[in-house]
Amino acid sequence: MATNKSSELKIFGLPPDQGRWLLIPLGIIVLLCLGTVYAWSIFRKPLQAELNIGATESLLPYTIALVFYATLMPIAGFYIPKIGTRKMTAIGGIIVGLGYILSSFAGNIVAMTLTYGVIAGTGVGITYGVPMAVVARWFPDRKGLAVGLTIIGFGLSPLITAPLGKSLIDAYSVRPTLLILGMAFTVIILAISITLKLPPKDWHPQQPISSQTGSKTEGIYPVNLLKSRSFYGLWMCYTIGTFVGLSAIGISSPVGEEIIQIDPALAASSVSLFALFNGMSRPLFGWLSDRFSPRYVAITSYVLILIACVLMVNAGEGQVATYLIAFCLFWFCLGGWLAIAPTTTLRFFNPDNYAQNYGIVFTAYGVGALLGTLIAGRIRDWFGSYTYAFYPMGLLAIFGIIIASFFLKRDRVISE
């Protein structure tokens, strides 16, 4: 029940039921800034020429940034309750900006890897989970939708920041662009950090929470996450979803060129279409995870992956539509898992510990990312064609359906 104190609560001068919706676009903006790490490709060629390095070396800062982002995000989850959401966002924003600013002065690839990869990647990992933790607490009645809408910023960031960065590079060259972006990100994230605060512990919306998938066990959670069967089910399902999705993302353009024989420019531009599906799926899968059992939503994503794998196994030269449909599905499902996993974490485990819980669950993303980016290329080297990469992806999708069916459900918890 709402207390007098909670009824006096305001967000941006509005009643919390209304003002909380403004936290979503602010979270999107923070994640748009952080997601620029995925637009590294716009910096690669200018830096290759300026630093006199090859394609493999120019990929190092990006690779290391992803490693530090995936590593720091789980660690940061444990410090959010201690440091606070606003301070955590501010610290992360300063580190992200500092990484970009120092990168503008880096004179060699080692320095660039340290500044962009280690420092900026660390900042992204520290900041990434905060907007989601904030909106999740303000939207107990629409967890999945709120989280899905917020993380759309990270997925769509390259569509916005890559053209912006490219325009700046064309106008000012690569180093001033890194400096401008670093200063802009610092100012933007610091400004928004002031607004990212959690609601009072007992706060809930005035309207009935009819949109939640309630049950008699709602509000009763496993005491120990790591002793919960549902945690391991979610972790394995998330690993499979990210493994397949990131494997496909990494080979999107080469598959188009080698198997379908499409023009390289078309293969590259098609990535923008795929990214749209990746972004759109996040609020959709978040909404579905609110309305239905997570295992059914997970199974749906695996069925779509399986369809995409079958399409690509049978694809040949000139089948552009088949290629576009299949890879839209791959990107769509990866974006979906970045909404399914946090929403399921909120539903299965104590929301008060969401930052720490999702930090642990997020390690599945790191494992899937590491293995997914390595294995698809290896299969191409071993068998001479990317077609063979879709067989293990399809088998993993089937394995995921089995795991989701038996393990992706709430633990039976008996209240004391």
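Basis of the calculations
Residues numbered from 1 in each chain as written. Predicted model: local features only at pLDDT ≥ 70, side-chain atom pairs only at ≥ 80, totals over all residues. Heavy atoms only, no water. Helix = DSSP H or I, 4+ residues; strand = E, 2+ residues; numbered from the N terminus. Expected span 1.5 Å × (residues − 1). Buried < 20%, exposed > 50% of the residue type's maximum accessible area, 1.4 Å probe, protein only. 1 Å grid on protein atoms, 1.4 Å probe; cavity = no way out; pocket = protein on both sides within 12 Å on 5 of 7 lines; lining within 4 Å. Points joined across faces, edges and corners; volume = space filled by probe spheres on them. Nonpolar A, V, L, I, M, F, W, Y, C, P; charged D, E, K, R; others polar. Phe/Tyr/Trp six-rings, centres within 6.5 Å; stacked < 30°, edge-to-face > 60°. Lys NZ or Arg CZ within 6 Å of the ring centre and 35° of its normal. Salt bridge = Lys/Arg side-chain N within 4 Å of Asp/Glu carboxyl O.

1. Digging into helix α10 (residues 152-172)
And step 1. Over its 21 residues, α10 runs 29 Å from end to end, which matches the ideal 30 Å to within 8%, given 1.5 Å per residue.
And step 2. Inspection of α10 places I152, G153, F154, G155, S157, T161, A162, G165, L168 and I169 among the buried residues, and these make up the whole buried set.
And step 3. One or two steps after α10, the chain reaches S173, where phi turns positive at roughly 85°.

2. Details of empty space enclosed by the protein
And step 1. Evaluation of the coordinates by the stated rule reveals 3 cavities of 30 Å³ or more.
And step 2. In this model, the second largest cavity occupies a volume close to 50 Å³.
And step 3. Lining the second largest cavity, in full, are M73, A76, G77, I80, G125, I126, G129, Y354 and A355.
And step 4. Secondary-structure elements contributing two or more residues to the lining of the second largest cavity are α6 (60-83), α8 (109-138) and α17 (354-361).
And step 5. Ranked by the residues each element gives to the lining of the second largest cavity, the list is headed by α6, at 4 residues.
And step 6. The residue inventory of the lining of the second largest cavity, partitioned by class, reads 6 nonpolar, 3 polar and no charged.

3. Digging into the packing of aromatic side chains
And step 1. The final tally for this structure, using the stated rule, is 31 aromatic pairs.
And step 2. Seen from their ring centres, F327 and F330 are 5.3 Å apart, and the 70° between their planes marks the pair as edge-to-face. Placement of the pair is F327 and F330 together in helix α16 (residues 320-348), with a separation of 3 residues, close to one helical turn. Note on accessibility: F327 and F330 belong to one class, buried.
And step 3. Ring centres of F362 and Y365 lie 4.9 Å apart, and the angle between their planes is 10°; this geometry places the pair in the stacked category. Of the two residues, F362 and Y365, both sit in the buried class.
And step 4. An aromatic cluster of three or more residues is present, and its members are Y69, Y128, F154, Y238, Y302, W337, Y354, Y358, F362 and Y365.
And step 5. One cation-aromatic arrangement involves K82 over Y79; the distance from NZ or CZ to the ring centre is 5.5 Å.

4. Re the pattern of salt bridges
And step 1. Summed over all chains, the structure comprises 4 salt bridges.
And step 2. Of the charged contacts in the structure, one is a salt bridge between E50 and R175, with a shortest N-O distance of 2.3 Å. Residue E50 is located in helix α4 (residues 41-51), and its partner R175 is located in helix α11 (residues 174-193); the two are separated by 125 residues in the primary sequence.
And step 3. For R175, a relative accessible area of 19% translates into the label buried.
And step 4. For R142, the salt bridge goes to D141, with nearest N and O atoms at 3.0 Å.
And step 5. Among the charged side chains, a salt-bridge network with shared partners connects R20, D141 and R142.

Geometric descriptors of this kind do not, in isolation, establish any biological role.
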